[in-house]
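Here is what each chain is made of, one letter per residue.
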Amino acid sequence: MFITPAFAQTGAGGTNDILMSMLPFILIFIIMYFLILRPQQRKVKAHQEMIGSLRRGDQVTLSGGVIGRITKVIDDSTIELEIADNVRIRAAKQFVSDLRSKSEPADEK
């Protein structure tokens, strides 16, 4: 009385119908993971490694476009930059967007 003949012939819906209706969402998530999320994670990891390797003498670019040479690494999150002769600023390491030139390590003589 409450079940239509077409629904009664297909059974109770079945798990195959549920899987087929969820398949496009699963495929979209997989595509988004490989095209968007994974490359972004790699980029963040490379940026963290670059920030961890900063030292005195490196020339860097901040995210605001300021270019300067690191004169002092104050702590794990702060650096001091010389942007002109006798003009020094402090900046957070997280705002370093590019490492322009790496300083040469000091000779151990």
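Just so we're clear, the structure is a prediction, and the values are computed from it rather than from any experiment.

Undergrad: Sorry if this is basic, but what is going on with the UniProt feature "transmembrane region" (unreviewed entry) in the chain here?
TA: Within the UniProt annotation, "transmembrane region" (unreviewed entry) is assigned to residues 18-37. Annotated as residues 18-37, this span is 100% helix and 0% strand, and its ends, taken at the C-alpha atoms, are 27 Å apart.

Undergrad: Even after reading the chapter, I still don't get the environment of Ile-83, so can you show me in this structure?
TA: Mapped onto the elements of the fold, Ile-83 is located in strand S3 (residues 78-84). Using a relative accessible area of 37% as the deciding quantity, one classes Ile-83 as partly exposed. In the structure, Ile-83 is positioned 12 residues away from Thr-71 in sequence and 9.9 Å away in space, judged by C-alpha atoms. Residue contacts for Ile-83: discarding those within four places in its chain leaves Val-66, Ile-67, Gly-68 and Ile-89.

Undergrad: Is there a simple way to explain the pairing of strand S4 (residues 87-92) in this structure?
TA: Taken residue by residue, a regular strand's side chains alternate between the two faces of the sheet. Of the pairings in the sheet, the one linking S3 to S4 comprises 6 bridges and is antiparallel in character. Along S4, the bridge assignment pairs Ala-84 with Val-87. Between S3 and the antiparallel strand that follows it, S4, lie 2 residues; Asn-86 among them carries a positive phi value of about 60 degrees.

Undergrad: Can you help me understand the sheet that holds strand S5 (residues 96-101) in this one?
TA: Adjacent strands of a sheet form backbone hydrogen bonds with each other and so pair up, either parallel or antiparallel. Strands sit in the order S4-S3-S2-S1-S5 across an open sheet of 5 strands; the sheet is antiparallel. If you trace the sheet from one side to the other, it starts and ends with S4 and S5, each paired once. Looking at each pair of strands side by side, their axes are set apart by 45 degrees on average, direction ignored. The pairing of strand S1 (residues 59-62) with strand S2 (residues 67-73) spans 3 bridges and is antiparallel. Following the sheet pairing, Val-60 is matched in S2 by Gly-68.

Conventions used here
- Residues numbered from 1 in each chain as written.
- Predicted model: local features only at pLDDT ≥ 70, side-chain atom pairs only at ≥ 80, totals over all residues.
- Heavy atoms only, no water.
- UniProt positions renumbered as here; feature names shortened; annotations may be inferred.
- Helix = DSSP H or I, 4+ residues; strand = E, 2+ residues; numbered from the N terminus.
- Buried < 20%, exposed > 50% of the residue type's maximum accessible area, 1.4 Å probe, protein only.
- Contact = heavy atoms within 4.5 Å.
- Pairing = 2+ DSSP bridges.
- Axes fitted to C-alpha atoms, helices over the stretch in contact; angles between N-to-C directions.

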